[in-house]
Amino acid sequence: MPKSSTPSRERIVAGAADMISRRGLSATSIREMAKHAEAPLGSTYHYFPEGKQQLATEAVRYTGEWVARSLRKELEAGPAEGLRAFLALWRKIVVESDFHAGCPVLAVAIEEPPADEIPPALAAAAEVFGEWESLLAASLRAHGAETEEATQLATLIVAAVEGTVAMCRAKRSMQPLDHTAEQLQALITAAIKN
């Protein structure tokens, strides 16, 4: 995710997203996120007075919107093109980080929340996944897929890609992403031909 040259709020959020994508939320302190973003700790607390959860929530939303912008643009050409862009985005992150970074939204989503509490970052992750699914489902419907099939396939795409990114990191190979891409493309082709 791109960083600017000034220690702005957005730069801190982008740095936090990158750090969470590499280490997860529990293993990352707000001090480390500020350092990673090359921002003073005081500025970080100025922008995020509620601390780590607030910053993590913003990092999840930032990532969500960053991915959604790419999806919206590519989905204009159809769901197959949207899928290719979604896969290419995660491929680039995984490869350029030498298999150290994945998706900060997934990283937050798999953290165990405190008992009887849904942290704001986890709620934001659910919203982000929902938005990605909605964008994909709308494109599938617009290109001929039945409503229920489009909804289910969109969920499958997001779940498969997110899981595959984790597999790529674990295996230090892009082969899982290549296999997933081929199968998801076939499912999209079948869904929009019906």
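Quick caveat: nothing in here was measured; it's all calculated off a predicted structure.

Oppositely charged side chains can pair when the atoms bearing their charge come close. Within this structure, the stated rule accounts for 12 salt bridges. We note a salt bridge from D178 to R91, for which the minimum N-O separation is 2.4 Å. Of this pair, D178 sits in helix α9 (residues 175-193) while R91 is found in helix α5 (residues 79-96), placing the two residues 87 residues apart along the sequence. Judged by its relative accessible area of 37%, D178 is partly exposed. With relative accessibility at 30%, the residue R91 sits in the partly exposed group.

On to the packing of α5 against helix α8 (residues 147-171), then. Helices that pack against each other are described as a pair by the angle of their axes relative to one another and the distance between those axes. Two numbers describe how α5 lies on α8: the axes approach to 11 Å, and their chain directions differ by 20°. By the angle between their directions, the pair α5 and α8 is classed as roughly parallel. Seen from above, α5 lies across α8 with right-handed handedness. Here α5 contributes L83, F86, L87, W90 and V94 to the contact with α8, which in turn contributes I157, V158, V161, E162, V165 and C168.

What follows is about helix α7 (residues 120-142). Over its 23 residues, α7 runs 33 Å from end to end, which matches the ideal 33 Å to within 8%, given 1.5 Å per residue. Next to the buried residues of α7 lie α4 (52-75), α5, α6 (104-109), α8 and α9. Immediately beyond the C-terminal end of α7, within one or two residues, lies G144, with a positive phi of roughly 110°.

Moving on, we come to the packing of aromatic side chains. With the rule as written, the count across this model stands at 4 aromatic pairs. When the ring of F86 is compared with that of W132, the centres are 5.6 Å apart and the planes differ by 75°; the resulting orientation is edge-to-face. A residue pair is termed long-range when its members are at least 10 positions apart, and F86 in helix α5 and W132 in helix α7 qualify at 46 residues. Note on accessibility: F86 and W132 belong to one class, buried.

Rules used in this analysis
Residues numbered from 1 in each chain as written. Predicted model: local features only at pLDDT ≥ 70, side-chain atom pairs only at ≥ 80, totals over all residues. Heavy atoms only, no water. Salt bridge = Lys/Arg side-chain N within 4 Å of Asp/Glu carboxyl O. Helix = DSSP H or I, 4+ residues; strand = E, 2+ residues; numbered from the N terminus. Buried < 20%, exposed > 50% of the residue type's maximum accessible area, 1.4 Å probe, protein only. Axes fitted to C-alpha atoms, helices over the stretch in contact; angles between N-to-C directions. Parallel < 35°, antiparallel > 145°, perpendicular 65-115°, else oblique. Left-handed = near helix turned anticlockwise from the far one by under 90°. Contact = heavy atoms within 4.5 Å. Expected span 1.5 Å × (residues − 1). Phe/Tyr/Trp six-rings, centres within 6.5 Å; stacked < 30°, edge-to-face > 60°.

Any functional reading would require information that these geometric values do not contain.
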